[in-house]
Amino acid sequence: MTSSSSPSQDNKRSYPEGLRADALMEEDVAWSLDTDGERDGDQLDRSERAALRRVAGLSTELEDVTEVEYRQLRLERVVLVGVWTSGTAQDSENSLAELAALAETAGALVLDGVIQRRDKPDAATFIGSGKAMELRDIVLETGADTVICDGELGPGQLIALEDVVKVKVIDRTALILDIFAQHAKSREGKAQVALAQMQYMLPRLRGWGQSLSRQMGGGKGGGLATRGPGETKIETDRRRIREKMAKMRREIAEMKTGREIKRQERKRRKVPSVAIAGYTNAGKSSLLNRLTGAGVLVENSLFATLDPTVRRAETPSGRLYTLADTVGFVRHLPHHLVEAFRSTMEEVGESDLILHVVDGSHPAPEEQLAAVREVIRDVGATGVPEIVVINKADAADPLTLQRLMRNEKHSIAVSARTGQGIEELLALIDTELPRPSVEVEVLVPYTHGRLVARAHADGDVISEEHTAEGTLLKARVHEELAADLAPYVPAPLV
């Protein structure tokens, strides 16, 4: 009896048993509809199956590579929004323009900016629910991924506005803190920025999903005094931030001690100190370089330098003094920053003279003056004499310069870039620095020449004559040096 066999069975029988495995590995194995018809796709060799396969149609690379000159990290694309509550429309536009400069300094790409006229910011969404929906349309139209508000928003306002616009929302304070974090270089500067960031973050912590769940309070192995609801995750985070803030304050206080020792040494030697204060990007570092050749970083950006720099300088008459460059100020400077940088800003309060630098080419220099003086009041330096230095005079409008010098009686126009007015400024500093209060006329023996040298270095020499008995010196000196010179006062003639 014969039985029909399938083609596959015939194929199996057609190969000797020893060659069956080799036959199965050959590429030209006979194809059968019964066994191969249901296979999915092409049948590949083992090496081909293991290889990487390029999937066509997924690449988004530009076919014309000439359209891309440089490949950069993608910048955040931001839309700015401000609330105009007081002042003129120009004032609110200047404030938004400054916010745009801050955003660019932080590395963002500004796409658009809008202003809402209100009596006061909306308590819920900062600009009102209707305008928040319009802002959402602008975000969609421009393709922005961040909204920056020109003001300090409360935690509820941030959450409510984010819920409407569906992108990240930050305020002016967070933006400035981000810039400070990028530019802080010294250990003290980094610690001060970190403290300010934690102070800002503490009331704005948010928990999501299970992060709000309770920790285990009791149960097996809980032990005494552990039963109960326990802490939430967000409470734990807040406690840890408070502990870090306390540690950071201790570190900053320790760093402050070193600076105070140096300051006391300068005071002991009666070296006058001059502090350069002013609005950010007004040219403070450029002026310091021009006056002392300090070589401090100069960059046309906001808050380019944060760490204070102290340099030795000399007046035209030969008097030594120190010149300190301080952190730049800005309108609506966050209170957290004023507190964190208080130890740095003490250089202003402890100085003998303040050079208040203002950008003469700015559209609203009077607003810069007011903003800086507000911070100077906060650090308790209102009693220090002040010279208003109107910088960038070469680029300023002559009418603006005239108005500023008319309103600020104790002012001088200079250009740190070209050197215009620098000699006059040095002479003015020499005049304004405090002078020794005790006038002496002594005959110092040549064996005590160090006292004469001290009079030249720390005092104000009026006249000097070399006689057979010693140096006849007439000078104004401090009380300490006057006491050392007292034994050499010549006896009155009878």
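Everything here concerns the structure above.
Residues numbered from 1 in each chain as written. Predicted model: local features only at pLDDT ≥ 70, side-chain atom pairs only at ≥ 80, totals over all residues. Heavy atoms only, no water.

Visitor: Explain the overall build of the protein chain to me, please; I cannot follow it from the model alone.
Guide: On a plain count of helices and strands, the protein chain comes out with 18 helices and 13 strands. Here the protein chain, with 494 residues, has 40% of them falling under the buried criterion. Within the protein chain, contacts between residues separated by at least 24 positions form 67% of all contacts whose residues are at least 6 apart in sequence. (Helix = DSSP H or I, 4+ residues; strand = E, 2+ residues; numbered from the N terminus. Buried < 20%, exposed > 50% of the residue type's maximum accessible area, 1.4 Å probe, protein only. Contact = heavy atoms within 4.5 Å.)

Visitor: What am I meant to see in the sheet that holds strand S7 (residues 320-325) here?
Guide: Hydrogen bonding along the main chain pairs the strands of a sheet, whether they run parallel or antiparallel. Spatially, six strands are ordered S6-S7-S5-S8-S9-S10 in an open sheet, and the strand pairing comes out mixed. Here the strands that pair on one side only, and so sit at the sheet edges, are strand S6 (309-314) and strand S10 (411-413). On average, each strand axis in the sheet is tilted by 25 degrees relative to the strand beside it, whichever way the strands run. Bridge count for strand S5 (residues 273-278) against strand S8 (residues 353-359) is five bridges, and the pairing is parallel. (Pairing = 2+ DSSP bridges. Axes fitted to C-alpha atoms, helices over the stretch in contact; angles between N-to-C directions.)

Visitor: Which parts of the structure should I look at to understand the layout of surface pockets?
Guide: There is about 610 Å³ of room inside the second largest pocket. Residue lining of the second largest pocket: 29 residues in total, with Ser86, Ser95, Asp150, Arg331 and His332 positioned closest to the centre. Only strand S1 (76-84), helix H5 (89-105), helix H12 (335-340) and helix H14 (365-378) provide two or more residues apiece to the lining of the second largest pocket. With six residues, H14 is the largest single contributor of residues to the lining of the second largest pocket. (1 Å grid on protein atoms, 1.4 Å probe; cavity = no way out; pocket = protein on both sides within 12 Å on 5 of 7 lines; lining within 4 Å. Points joined across faces, edges and corners; volume = space filled by probe spheres on them.)

Visitor: I tried to follow the environment of Glu98 on my own but got confused; where do I start?
Guide: With respect to the helices, strands and loops of the structure, Glu98 is situated in helix H5. Judged by its relative accessible area of 9%, Glu98 is buried. Separated by 232 residues in sequence, Glu98 and Val330 have C-alpha atoms that sit 9.3 Å apart. A distance of 2.3 Å separates the side chain of Glu98 from the side chain of Arg172, its partner in a polar contact. (Polar contact = N/O pair within 3.5 Å; in protein donor to acceptor, adjacent residues only side chain to side chain.)

Visitor: Would you explain the packing of aromatic side chains in this entry?
Guide: Each aromatic ring pair is described using two quantities: the centre-to-centre distance and the angle formed by the ring planes. One pass over the structure, following the stated rule, counts zero aromatic pairs. Over the face of the ring belonging to Trp84 we find Arg117, whose NZ or CZ atom lies 4.4 Å from the ring centre. (Phe/Tyr/Trp six-rings, centres within 6.5 Å; stacked < 30°, edge-to-face > 60°. Lys NZ or Arg CZ within 6 Å of the ring centre and 35° of its normal.)

Visitor: I tried to follow the side chain of Asp325 on my own but got confused; where do I start?
Guide: Topologically, Asp325 is positioned in strand S7. One buried charged residue, Asp325, forms no salt bridge at all, with the nearest opposite charge on Lys284 at 5.3 Å. At 3.0 Å, the side chain of Asp325 and the side chain of Ser285 are in polar contact. (Lys, Arg positive; Asp, Glu negative; His and termini not counted. Salt bridge = Lys/Arg side-chain N within 4 Å of Asp/Glu carboxyl O.)

Visitor: Got a minute to help me understand the packing of helix H11 (residues 284-292) against helix H16 (residues 422-432) in this structure?
Guide: Packed helices, taken two at a time, are described by the angle between their axes plus the distance between the axes. The geometry of H11 relative to H16 is characterised by a closest axis approach of 11 Å and an angle of 80 degrees between their N-to-C directions. Here H11 is positioned roughly perpendicular relative to H16, judged by the angle of their axes. Here Leu287, Arg290 and Leu291 of H11 come into contact with H16, specifically with Ile422, Leu425 and Leu426. Across the contact of H11 with H16, the residue classes tally to five nonpolar, no polar and one charged. (Parallel < 35°, antiparallel > 145°, perpendicular 65-115°, else oblique. Nonpolar A, V, L, I, M, F, W, Y, C, P; charged D, E, K, R; others polar.)

Visitor: In this structure, what is going on with the pattern of salt bridges? I would like to understand it.
Guide: A side chain with one charge may pair with a side chain of the opposite charge, provided their charged atoms come close. Tallied over the entire structure, the rule returns 14 salt bridges. With a closest N to O distance of 2.6 Å, Asp150 and Arg172 form a salt bridge. Here Asp150, found in the loop between strand S3 (146-149) and helix H7 (155-165), pairs with Arg172, found in helix H8 (residues 172-183); they are 22 residues apart in sequence, far enough to count as distant. On the accessibility criterion, Asp150 (14% relative accessible area) is buried. Here Arg454 ties to Asp484 by a salt bridge, and the two come within 3.0 Å at their closest N and O atoms. Placement of the pair is Arg454 in helix H17 (residues 449-458) and Asp484 in helix H18 (residues 479-485), with a sequence separation of 30 residues. Look at Arg454 and you get partly exposed, because its relative accessible area is 26%. Given the relative accessible area of 33%, Asp484 is considered partly exposed.

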